[in-house]
Amino acid sequence: MTQKQFINELAKNSGMTTSETTQLMEQFCTLVTECVNNDQTVMLQGFGSFEKKTKAERQMYNPATKDYRTIPGSTSLVFKPSTLLKDKLNPQQ
Amino acid sequence: MGTKVNTQVLADLLAEKAGISKRSADTFVKAFIQTTIDGGLSDGNVKIKGLGTFKIVKVADRESTNVNTGERILIAGYNKMSFVPDIDLDMQAAADAEAEKVAEVRKTVRKPAQKKTAGPVAAEEKTVAEKNAIVSEVPKIEEKTPVVSEPLPASPSPLKVAFESNKPLWYSIAIALLLIIVVFVVLLTGDSDKDRNEEQSEQVEAGVSDYQDTLSTESSATQSTESVEASQPQATGTHRVHVLQKGETLTTISLYYYHTPDSMRAIWKLNKFPNPNDIPIGTEILLP
């Protein structure tokens, strides 16, 4: 599903116009990233949670070149699906 | 992790930010969740710009062994939702900082750029007096060039300096060399080439400017060899130095600096290690 299809579907479900939905969606995304950046966990009931995950700096060894490289640490956005979502994805279980 | 932001709080924040009612924000968030799940179930993946891509991945059935009983058991397959973030939080923060920097740099760069553009215009608008000054400089160079180029046609500039500083010495050397050549020619050629010898002897007597021609050829030959000898130790002084770390070999160093293991022999030769497999850690290795 592309962004366009998603917006159209979302507009249908929320009962708003497409342009309104596009604007709201942008604000929603920035809001989520802002919250996560402030070390907050965004929990959406029945869906999952968005968290910030910090990856530490590590050493990498390339056996082909026998070269050690340091990979810098990074922080990324991580999504953890909730049990409700898992149940929805696997209805037979 | 810090505080938790649940659906209700997020909807309230969104309502504040977007300037809409809390109810519509709430319905929007709920619709977002519903649409994402439905989209994932129907299409398999949902791309959301600015957030990431949700993907429903099917994990196939797999066999495993019960450790206690040793029986083979089948673990049933299932669907899982994976999420690939569209943005790196670090990158986003860095991008924001960079955007600010770029804006600052642009401000600062624009000023000199304007000056630069103004430069050529100003150059075009130079007064006639300035142009004349430039023109008057040109003949001066032209006057100098024949003097320099005629006596030393092929010699490099350091030789000229050396030559000018030791003029009397070089003249005497040149005359001595010329005399030696003349004597050699006389001895070798004999009577038939007497006329040529006379011409050469005339040249010796002719004047200082004529000597410079021959001198240049002689002096350039002698001095060029001197300059080559002098340049070699200078070149060794410019070698890069690598301090040997634990676990490194000449081959790894060669790969690191030259992206080929073949330069290992060149490094070995340059440093004159008796045994390339036994170099103490911390040795400073010169790089060719």
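Each chain has its residues counted from 1, following the order in which its sequence is written. Here the convention is simple: chains get letters from A, ligands get numbers from 1, in the order in which they are written. Whole-chain, interface and lining totals are the exception, using all residues; otherwise, since this is a predicted model, local features are given only for residues with pLDDT of at least 70 and side-chain atom pairs are given and counted only at 80 or more. Each side-chain value is worked out from all heavy atoms of the structure, with water and hydrogens disregarded.

Only DSSP runs of H or I with at least four residues qualify as helices, and only runs of E with at least two residues qualify as strands; both kinds are numbered from the N terminus onward. Helices and strands together make up the secondary structure of chain A, namely 3 helices and 5 strands. In chain A, the succession of α and β elements from N to C terminus is α-α-β-β-β-β-β-α. Looking at chain A as a whole, 38% of its 93 residues qualify as buried. A sequence separation of at least 24 residues applies to 30% of the contacts in chain A between residues at least 6 apart. Working definition of accessibility: Shrake-Rupley area with a 1.4 Å probe, residue cover restricted to the visible protein chains. About 5600 Å² of surface is accessible on chain A, with carbon and sulfur atoms providing 49% of the total. When accessible area is computed with a 1.4 Å probe and restricted to protein chains, residues below 20% of their type maximum are described as buried, those above 50% as exposed, and intermediate ones as partly exposed. Residue contacts are defined here by distance: any two heavy atoms, one from each residue, within 4.5 Å place the two residues in contact.

Turning our eyes to something else, we now look at the overall build of chain B. A count of helices and strands for chain B gives 10 helices and 8 strands. As displayed, chain B has an accessible area near 20000 Å², and 57% of this comes from carbon and sulfur atoms.

Now for the packing of aromatic side chains. The criterion for an aromatic pair is that two Phe, Tyr or Trp rings (for Trp, the six-membered ring) have centres within 6.5 Å, with stacked assigned to planes under 30 degrees apart, edge-to-face to planes over 60 apart and tilted to the rest. Using the criterion set out here, one finds 14 aromatic pairs over all chains in the structure. Between Phe47(A) and Phe32(B), the ring centres sit 6.1 Å apart and the planes meet at 75°, which makes this aromatic pair edge-to-face. One end of the pair, Phe47(A), is in the loop between strand S1 (41-44) and strand S2 (48-55); the other, Phe32(B), is in helix H2 (residues 22-43), on a second chain. The pair formed by Phe47(A) and Phe32(B) is uniform in burial state, with each residue classed as buried. Ring centres of Phe79(A) and Phe83(B) lie 5.9 Å apart, and the angle between their planes is 65°; on these two criteria the pair is classed as edge-to-face. Here the residue Phe79(A) occupies a position in strand S5 (residues 74-81), and Phe83(B) occupies one in strand S6 (residues 78-85), the pair thus bridging two chains. For the pair Phe79(A) and Phe83(B), a shared accessibility class is recorded, and that class is buried. Through a chain of ring-to-ring contacts, the aromatic side chains of Phe6(A), Phe28(A), Phe47(A), Phe50(A), Phe79(A), Phe28(B), Phe32(B), Phe54(B) and Phe83(B) assemble into a single cluster.

What follows is about helix H9 (residues 250-258) of chain B. The complete set of buried residues in H9(B) reads Leu250(B), Thr252(B), Ile253(B) and Ser254(B). In this fold, the buried residues of H9(B) make contact with strand S7 (240-243), helix H10 (264-271) and strand S8 (284-287) of chain B.

All names here are of chain B. Mapped onto the secondary structure, Asn271 falls in helix H10. We define a polar contact as two N or O atoms separated by no more than 3.5 Å, with the added condition that, inside protein, one atom must be a possible hydrogen donor and the other a possible acceptor, whereas residues neighbouring each other in sequence contribute only through side-chain atom pairs. A polar contact of 2.8 Å, which involves the side chain of Asn271, links it to the backbone nitrogen of Leu286. Sequence-distant contacts of Asn271, that is, excluding residues within four places in its chain, are made with Glu284, Ile285 and Leu286.

Our next topic: the interface of chain A and chain B. Across the contact, 52 residues belong to chain A and 51 residues belong to chain B. Interface of chain A and chain B: buried area, both sides summed, is about 4600 Å²; carbon and sulfur atoms make up 69% of it. One speaks of a salt bridge when a side-chain nitrogen belonging to Lys or Arg is within 4 Å of a carboxyl oxygen belonging to Asp or Glu. Viewed at the interface, chain B and chain A are joined by 1 salt bridge. Note that Glu34(A) is salt-bridged to Lys17(B), the shortest N-O span being 3.4 Å. At the surface where chain A touches chain B, the tally comes to 15 residue pairs in polar contact (both at pLDDT 80 or more). The element best represented in the side of chain A that touches chain B is helix H2 (residues 18-37) of chain A, accounting for 14 residues. A per-class count over the side of chain A that touches chain B returns 23 nonpolar, 21 polar and 8 charged. With 2 bridges joining them, S1(A) and strand S1 (residues 4-5) of chain B adopt parallel strand pairing. If you follow Thr41(A) over to S1(B), its bridge partner there is Lys4(B). By definition, the buried area sums, over both parts, the 1.4 Å-probe accessible area that each loses when the two are put together. Residues are grouped as follows: Ala, Val, Leu, Ile, Met, Phe, Trp, Tyr, Cys and Pro are nonpolar; Asp, Glu, Lys and Arg are charged; all remaining types, including Gly, are polar. If DSSP finds at least two bridges between two strands, the strands pair.

Okay, the sheet that holds S2(A) next. If you walk across this open sheet you meet the 4 strands as S5(A)-S2(A)-S1(A)-S1(B), and the pairing is mixed. Strands with a single pairing partner mark the edges of an open sheet, and in this sheet they are S5 of chain A together with S1 of chain B.

All chains considered together, the criterion is met by 6 salt bridges over all chains. One salt bridge in this structure joins Asp39(A) and Lys52(A), with 3.3 Å as the shortest N-O distance. Linking Asp39(A) in the loop between H2 and S1 with Lys52(A) in strand S2, this pair joins segments that are 13 residues apart in sequence. Between Asp26(B) and Lys30(B) there is a salt bridge whose closest N-O contact spans 3.3 Å.

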